[in-house]
Amino acid sequence: LLISSLLYNIIIYITYGINNVSLNLNITYEPILDYFESLYDDLKDKLDPAIVVILRKIGSNLVSANILIESKHYNEASIILRSATESVVLFCYLIQFPEKVKEYLSDCQMLKFKNSFISYKKIIRSKNKPEMQDIFKLYTDEQIIEGYESSFYLLDDRNKQKILTAINRKEFSLDDKIVEKLDKFFENKWKPFFMKLEKMYKDAADFKKTSIKLRDFLFENYNYASQTTHGEFFNWLDMNKDKRQRICMLHSNFKRIIITNVTILQDNGFQLNLHKLKNHVDLLEKMSDELENYFKQ
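Within each chain, residue numbers correspond to sequence positions counted from 1 in written order. The predicted nature of this model means local features are confined to residues of pLDDT at least 70 and side-chain atom pairs, given and counted, to a pLDDT of 80 or more, with totals for whole chains, interfaces and linings taken over all residues. The side-chain numbers reported here are obtained from all heavy atoms of the structure, hydrogens and water having been left aside.

Asks: Can you help me understand the pattern of salt bridges in this one?
Replies: Opposite charge on two side chains allows them to pair when their charged atoms are near. Within this document, salt bridges are pairs made up of a side-chain nitrogen of Lys or Arg and a carboxyl oxygen of Asp or Glu, the two lying within 4 Å of each other. Considering all chains together, one arrives at 14 salt bridges under this definition. K100 is paired through a salt bridge with E103; the nearest N and O atoms lie 2.5 Å apart. Burial status follows relative accessibility: with a 1.4 Å probe on protein chains alone, a residue under 20% of its type maximum counts as buried, one over 50% as exposed, and anything between as partly exposed. On the accessibility criterion, E103 (23% relative accessible area) is partly exposed. Each of the salt bridges in this network shares a partner with another, and the network as a whole consists of K100, E103, D107 and R158.

Asks: Whenever I open this one, the layout of surface pockets confuses me. Can you help?
Replies: To find leftover empty space, one rolls a probe the size of a water molecule over the atoms. With a 1 Å grid spanning the protein atoms alone, the term cavity applies to any set of points in which a 1.4 Å probe fits but cannot get out, the term pocket to an open set with protein on both sides within 12 Å along at least five of seven lines, and the term lining residue to any residue with an atom within 4 Å of a point. Grid points are joined across faces, edges and corners, and a volume is the space filled by probe spheres set on the points. Quantified by volume, the largest pocket comes out at close to 160 Å³. Surrounding the largest pocket, Y120, K121, I124, R125, I145, L174, D175, D176, V179 and E180 form its lining. Secondary structure follows DSSP: runs of H or I at least 4 residues long count as helices, runs of E at least 2 residues long count as strands, and numbering of each begins at the N terminus. Among the elements of the structure, α5 (101-125) and α9 (176-189) are those that each provide at least two residues to the lining of the largest pocket. Per-element tally for the lining of the largest pocket: the top contributor is α5, with four residues. Residue composition of the lining of the largest pocket, grouped by class: five nonpolar, no polar and five charged. Asp, Glu, Lys and Arg are counted as charged, while Ala, Val, Leu, Ile, Met, Phe, Trp, Tyr, Cys and Pro are counted as nonpolar; the rest, among them Gly, fall into the polar class.

Asks: Help me understand a negative patch on the surface in this model?
Replies: Each patch is built from residues lacking any salt bridge and having more than 30% relative accessible area; the joining distance is 9 Å for like charges and 5 Å for nonpolar side chains (Val, Leu, Ile, Met, Phe, Trp, Tyr). Note on areas: Shrake-Rupley with a 1.4 Å probe; residue coverage comes only from the protein chains shown. In this tally Asp and Glu are treated as negative and Lys and Arg as positive; neither His nor the chain ends contributes. Where a charge lies is defined by one atom per residue type, namely NZ (Lys), CZ (Arg), CG (Asp) and CD (Glu). A surface patch of like charges, here negative, comprises E30, D34, E37 and E70. Looking at the negative patch, the element that brings in the most residues is helix α2 (residues 30-43), giving three residues. Its location among the elements puts D34 in helix α2.

Purely geometric stuff here, so don't read any function into it on its own.
Pasting the structure below:
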């Protein structure tokens with residue numbers, strides 16, 4: 001009975017849908033991507049190199065999302081724009097707190113060390129399993145342990161001290177007790193600040209000219225994209241349909257990513273080409289109007 005009820009609801013959803021229209025909508029953000037590329041060129045020598053990398057990553061996400069939107073892979077575009085939004089929040093945070101760039105890079109380094117530790121645990125603890133035999137044909141236990149121990153010495157002093165404090169040792173070496181202590185440290189006591197999205201939302205200032213809060217401006221689109229990313233069932237039933245909510249959320253997300261970047265730069269004293277900026281913001285607004293008219297048909 002439960003299965004029959006579910007199938008009935010799925011059939012009703014597919015048949016009638018909500019604001020579904022035929023597949024004749026063509027969207028492209030190419031002109032906006034041109035603007036973002038020129039923005040990157042104008043700023044790459046004025047920003048900290050680490051912040052430049054984040055800006056370039058956002059641009060790459062937008063290019064990839066646009067390709068997917070043009071080919072009507074809307075859900076996949078939404079997933080990539082979710083990643084772009086996370087980078088936008090980090091970008092805003094570091095523009096306002098440039099002194100945190102050093103901590104950001106240090107946390108990135110520690111994250112690589114953590115990921116290596118996870119791999120190390122799996123290899124050592126699963127050494128007798130068939131899927132690990134190829135590895136142990138190439139390396140001995142000692143070589144694997146030495147390889148991970150040597151990675152400790154590539155860490156900066158800040159991270160080395162964190163690890164030594166966590167394991168309560170003066171020197172780093174691996175044994176079962178150390179592995180257990182590292183497990184607890186990485187699971188319960190350490191998380192990179194750039195993965196604490198809510199904290200960055202909270203710490204980042206409001207937009208100066210509009211008093212809009214960063215979280216209020218970005219979160220609804222981010223949340224919708226997160227549901228799609230994690231497999232929200234009905235979004236994946238008709239994933240390529242020109243569904244009003246999906247298309248409007250994608251467009252809003254694209255628009256807000258651009259507007260957030262340029263607003264935070266202006267608020268923090270970076271000079272932008274205002275004429276070029278206005279032309280592209282006007283273009284985004286025109287696209288909004290065209291989409292609204294399309295879905296009224």
